Amino acid sequence: MLKAVLFDLDGVITDTAKFHFLAWRDLGAELGITVDEAFNEELKGVSRMDSLERILAFGGLADKYSTAEKEAFCTKKNDHYLELIQEMTPADILPGILPLLEELREVGLKAIVTSASKNAPGILELLQVKDYFDGIVDPASVAAGKPAPDIFLAGAALAGVQPAECIGVEDAASGVEAIKAAGITAVAIGDAEVLAQADRVLADTSALSLAVLRDAWEKATA
Ligand code: G6P
Ligand code: MG
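Quick caveat, the model's predicted, so the values are computed rather than measured.

*Asks:* Explain the packing of aromatic side chains to me, using residue names and the numbers behind them.
*Replies:* Per the stated rule, a full pass over the model turns up three aromatic pairs. With a centroid separation of 5.7 Å and 85° between ring planes, the pair formed by F7 and F133 is classed as edge-to-face. Remark: F133 occurs in the loop between α6 (120-127) and β3 (135-136) and F7 occurs in strand β1 (residues 4-7); sequence separation between them is 126 residues. Grouping residues by exposure puts F7 and F133 together as buried. Their ring planes at 90° and their centres at 4.9 Å tell us that Y65 and F73 sit as a pair that is edge-to-face. Taking NZ or CZ as reference, K77 lies 4.7 Å from the ring centre of Y81, over its face. Of note, R105 hangs over the ring of Y132, and the distance from its end group to the ring centre comes to 4.2 Å.

What follows is the structure, given as structure tokens:
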């Protein structure tokens with residue numbers, strides 16, 4: 001039986017990609033590296049430090065900076081990102097998410113946040129949806145980031161259920177890979193070609209509902 005839904009945050013509950021992009025673009029510019037929107041796509045689902053490492057490698061500067069310098073760059077990027085997201089309100093919740101959270105609450109299915117973002121608790125507060133969730137996995141508590149399965153396995157454990165009793169919802173290819181590696185049914189939001197590994201792909205979040213999730217889970221686990 002389907003017992004829990006594990007939600008990615010960025011690109012599923014709300015669209016923060018544009019703010020991550022602006023903050024990385026400005027940091028990149030300071031370092032002489034052009035971060036464009038196409039490259040930013042590759043950073044979806046990727047942790048803060050791993051994103052910086054990818055940007056530095058992209059700019060041919062992989063070995064230039066010390067760990068302390070890289071940590072300072074991450075802090076700078078995050079301070080800018082935090083400034084940008086302060087304007088977020090419940091109006092920034094993506095379509096279909098609130099009705100789905102209501103449905104999950106009504107039938108008693110667990111809802112867990114499995115985001116790589118250390119800012120997830122703060123963003124859920126801004127969106128005023130924190131109370132809908134039974135737990136938020138701390139990304140710092142898992143050994144390996146997406147596409148490793150760790151965060152989704154931790155999400156199932158936090159819900160107190162087996163991975164096979166969960167569905168994971170993701171918008172990034174690295175996230176879908178992580179869900180599948182955890183032995184969890186994957187529902188993806190976005191481009192069907194990019195997210196081909198998922199059990200079900202929906203063009204956008206407005207197509208999400210408990211009925212759709214149950215159908216996807218039943219077909220994937222039959
Ligand atoms: C999500 C986003 C990534 C971001 C990561 C870490 O996975 O898709 O773009 O780098 O979270 O976010 P944080 O808020 O901790 O920097
Ligand atoms: Mg995402």
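*Asks:* Quick one: what's the story with the layout of surface pockets, residue by residue and with numbers?
*Replies:* Empty space within the largest pocket amounts to approximately 800 Å³. Along the walls of the largest pocket sit 40 residues, with L43, K44, G45, D171 and A172 positioned nearest its centre. Elements that contribute at least two residues to the lining of the largest pocket include exactly α1 (17-31), α2 (37-41), α3 (48-58) and α8 (173-181). Residues belonging to the lining of the largest pocket are distributed by class as follows: 13 nonpolar, twelve polar and 15 charged. As for the second largest pocket, its lining consists of 17 residues, and the residues nearest its centre are S47, R48, A116, K118 and P139. Of all elements in the fold, only α3 and α4 (67-85) reach the threshold of two or more residues within the lining of the second largest pocket. At three residues, the largest contribution of residues to the lining of the second largest pocket is made by α3. Here the lining of the second largest pocket is built from residues that sort into nine nonpolar, three polar and five charged.

*Asks:* Residue-level account of the confidence of the model for the chain, with values.
*Replies:* Detailed reading of the predicted coordinates is not advisable wherever pLDDT falls low. For the chain, mean pLDDT is 96; residues scoring 70 or higher make up 100% of the total. Predicted complex, confidence summary: ipTM 0.98, pTM 0.95.

*Asks:* Would you mind going over the site of ligand 1 in detail, with residue names and values included?
*Replies:* Looking at ligand 1, there are 13 residues lining it, with V46, R48, S117, K118 and N119 nearest. Contact between ligand 1 and K118: an oxygen atom at 2.7 Å from a main-chain N or O atom of the residue. Between ligand 1 and N119, the relevant distance is 2.6 Å, taken from an oxygen atom to a side-chain nitrogen or oxygen of the residue. Compared with its free state, where it exposes 390 Å², ligand 1 has 96% of that area covered by protein.

Criteria and thresholds
- Counting from 1, residues in each chain are numbered in the order their sequence is written.
- Chains and ligands are labelled by the order in which they are written, letters from A for the one and numbers from 1 for the other.
- Only residues with pLDDT of 70 or above have their local features reported here, since the model is predicted, and side-chain atom pairs are shown and tallied only from 80 upward, although totals for entire chains, interfaces and linings are computed over all residues.
- As a rule here, side-chain values come from all non-hydrogen atoms in the structure, and water together with hydrogens is ignored.
- Each pair of aromatic rings taken from Phe, Tyr and Trp, with Trp reduced to its six-membered ring, is defined by centres within 6.5 Å and is described as stacked if the planes are under 30 degrees apart, edge-to-face if over 60, and tilted in the remaining cases.
- Helix numbering and strand numbering both begin at the N terminus, where a helix is a DSSP run of H or I of at least 4 residues and a strand a DSSP run of E of at least 2.
- A simple rule labels every residue: compare its accessible area, found with a 1.4 Å probe on the protein chains alone, to the largest value its type can have, and call it buried under 20%, exposed over 50%, or partly exposed in between.
- For a lysine, the NZ atom is tested; for an arginine, the CZ atom; a charge sits over a ring if that atom is within 6 Å of the ring centre and within 35 degrees of the ring normal.
- Think of a 1 Å grid over the protein atoms and nothing else: a 1.4 Å probe that fits but is trapped marks a cavity, an open set flanked by protein within 12 Å on at least five of seven lines marks a pocket, and residues with an atom within 4 Å of a point count as lining.
- Grid points are joined across faces, edges and corners, and a volume is the space filled by probe spheres set on the points.
- Polar here means any residue outside two lists: the nonpolar Ala, Val, Leu, Ile, Met, Phe, Trp, Tyr, Cys and Pro, and the charged Asp, Glu, Lys and Arg; Gly therefore counts as polar.
- Looking at any residue, its pLDDT shows the predictor's confidence there, from 0 to 100.
- We call a residue near a given molecule or strand whenever any one of its heavy atoms falls within 4 Å of it.
- Pairs of N or O atoms are called polar contacts if they sit within 3.5 Å, as long as, within protein, a hydrogen donor faces a hydrogen acceptor (for residues adjacent in sequence, only side-chain-to-side-chain pairs).
- Residue-level accessible areas treat just the shown protein chains as cover; the underlying method is Shrake-Rupley with a 1.4 Å probe.

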